[in-house]
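# Summary of the model geometry
Chain by chain, the residues:
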Amino acid sequence: MRKEKTSVNGITEGVIWKQLLLFFFPIMLGTFFQQLYNTADAIIVGKAVGKEALAAVGGTTGTLINLLVGFFVGVSSGASVIISQFFGARRDQDVSRAVHSTITLALVSGVVLTGLGFVFNESILRMMGTPEEVMVYAVPYIQIYFIGMVPSLIYNIGSGILRAVGDSRRPLMFLIAATMTNIVMDIVFVLGLDLGVAGAAIATVISQFISAILVVETLRHSAYSYRLRLSKMRIHGDMLSRIIRIGLPAGMQSVMYSLSNIIIQAGVNGFGTDVMAAWTAYGKLDGLYWMIISAFGVAITTFAGQNFGARQYDRMKKSVNVCLGISAVTTILLSVFTIAVAHPVLGMFTDDANVLEIGVYMVRLIAPAYITYIFVEILSGAMRGAGDSFIPTVMTLTGICLLRVFWVMAIMPRRHELGTLMMSYPVSWSVASIMFIVYYLRGNWLKRCIALQNQEG
C-alpha cells in the first residue's frame, strides 16, 4: 500500500508550538461552530417559543443526549488513538484495517443508540425531575433528534479519523457547512413555518446528515492509507480488541460524566424553570471555554499518539509541556472575558430579568475556576494518546464524577442553595487535577505503554 508523504505527518517534525497551534486552531474553530450549531437552536427557540422550550432544547435533553452519545464516541476514541499511532509508525495496512473497523462500529452503534433513545428518553427525563411544562417540549424534540444518531456518530468518528492522521482542516469545513445549514433551517422551520422545538430538531437532523455525507465522501476519495472502501467495511477482531482496550474506559468515563451531570441537572431542575433556563443559557456561554480546552485535549492526544507511535518519547513529553503552557494562558484570558460579557451574551437567549440575574451569578461563580481543570484535560489526553486510558479514567471517575455525586447527596441537603450545587464543579476539578499531576510525574504509565508497544510490535 502506498506510503504517506512526509508532509502529511508534520506532527512528528518541526517546532512543537507552531505545529501544535496549526493543528489546534481548526479543531478550535470546529468546536466553535459546533457550539454555534447548538446555540442557534437555543437562541431561536428561546426567543420564539419561550423559556420552557429553551430549558428543554438546551438543558435537560442535552444532558440525556450526551449520556447516550458520549459512550459510543468515547469507545470509538480508542480507534483514533491506535490510528494515530499506526500512522506515526507508517503501518499503512493497520491504518486501513482500523479505519474500516471504526466506521463499521459507528454504523452499528448509531442504530443501537437510535433504539435506546426512542425507548428510554421519556422515562429518563422524568427520572431527572423535568417539570411537566418542560416535558411538553423536551419529548418531541429528543424523539426527532435521535433520528440523526447514525449520521451524527459517523461524522464524529470520521472526523476523529481525519484528525488522527493530522487533518484538522477538513472536519472544520464540514462542520461549518452543517452549522450554516442548521441555522438556515432553524429560521425556516421555527420562525417561518412555526414548528417550534420540532422544527429545531428537524434542522439539526438535516445538518447531521450533511456533515456525515461530507466526511464519508472525503474518506472514500482519499489517496492515502485511511481511504474508506465500502466493500471492506467490517470489524476486525484484533482491531476491535485494541479499540475496546483504549476506548471502553473513555466511553465509561463519558457515561459517568453524563450521569453525574444528570444528577446536577436534576438538582438544577429542583430550583424551577427560571433556574433551568438560566442554566441552559449559561451553558452556551460556558461552552466557549469547553470548546477551546477540549480542542487542546484533542490536539495533544493526536500529538502524543503519533509521536509515541514514532517512538519519539521526548518530543511527546515536550509537546505536553507546551500544550499545558498555552492552555493555561488561554484559560486565564477566557475566564476574564467570560465574566466581562456575561450579561449581554446571556441576554441573547432570554429577556426575563430573573433568568438573566441567575445566569450571571452562575458565570461569576464558576468561570474563575476554569484554570483548575486544565491538567485533567491535557494530561489525560496525552496519556490516552500513548495508550494508557484505564487509570486516567479511574481518576476522573473518582475525582470528578463520584465526588459530584457525593456532593449532591451529602452536601446539598445540608445547604440547599444554588451556589452550593454550582461549587461541585470547581471542587471536583481541583481534586482531579491534583491526582493527574501526581500520576503523570511518577512516569510509570509511560513505561507500561512502551512495554506494551514493544510486545505488540
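The structure we're discussing is the one just above.
These notes cover the structure that comes with them. Only a predicted model underlies this, so the values are computations on that prediction, with no experimental measurement involved.

### Some remarks on the pattern of salt bridges
For the coordinates displayed, the defined rule picks out seven salt bridges. Between Arg91 and Asp94 there is a salt bridge, and its shortest N-O distance comes to 2.9 Å. Judged by its relative accessible area of 26%, Arg91 falls in the partly exposed class. A salt bridge links Arg170 to Asp167; the shortest N-O distance between them is 2.5 Å. Residue class for Asp167 comes out buried when judged on its relative accessible area of 12%. Here the salt bridges do not stand alone but share partners, grouping Arg91, Asp94, Arg97 and Asp238 into one network.

### Section: the nonpolar core
Of all hydrophobic cores here, the largest spans 80 residues; its most connected members are Met362 and Trp445. Per element, the largest residue contribution to this core is 20 residues, and it comes from helix H9 (residues 273-309). Aside from chain neighbours lying at most four places away, what touches Trp445 is Met316, Met383, Ala386, Asp388, Tyr439 and Tyr440. In this structure, Phe33, Val99, Val216 and Ile243 belong to the second largest nonpolar core, which totals 34 residues.

### A short note on the packing of helix H3 (residues 92-127) against helix H4 (residues 132-145)
In the contact formed by H3 and H4, the axes pass within 10 Å of each other and the chain directions differ by 160°. Accordingly, the angle class assigned to the pair H3 and H4 is roughly antiparallel. Between H3 and H4 lies a crossing whose hand is right-handed. Contacts between H3 and H4 involve Phe118, Asn121, Glu122, Leu125 and Arg126 on the former and, on the latter, Glu132, Met135, Ala138, Val139, Ile142 and Gln143. Classifying every residue of the contact of H3 with H4 gives six nonpolar, two polar and three charged.

Parameters at a glance
Residues numbered from 1 in each chain as written. Predicted model: local features only at pLDDT ≥ 70, side-chain atom pairs only at ≥ 80, totals over all residues. Heavy atoms only, no water. Salt bridge = Lys/Arg side-chain N within 4 Å of Asp/Glu carboxyl O. Buried < 20%, exposed > 50% of the residue type's maximum accessible area, 1.4 Å probe, protein only. Core = buried A, V, L, I, M, F, W, Y, C linked by side-chain atoms within 4.5 Å. Helix = DSSP H or I, 4+ residues; strand = E, 2+ residues; numbered from the N terminus. Contact = heavy atoms within 4.5 Å. Axes fitted to C-alpha atoms, helices over the stretch in contact; angles between N-to-C directions. Parallel < 35°, antiparallel > 145°, perpendicular 65-115°, else oblique. Left-handed = near helix turned anticlockwise from the far one by under 90°. Nonpolar A, V, L, I, M, F, W, Y, C, P; charged D, E, K, R; others polar.

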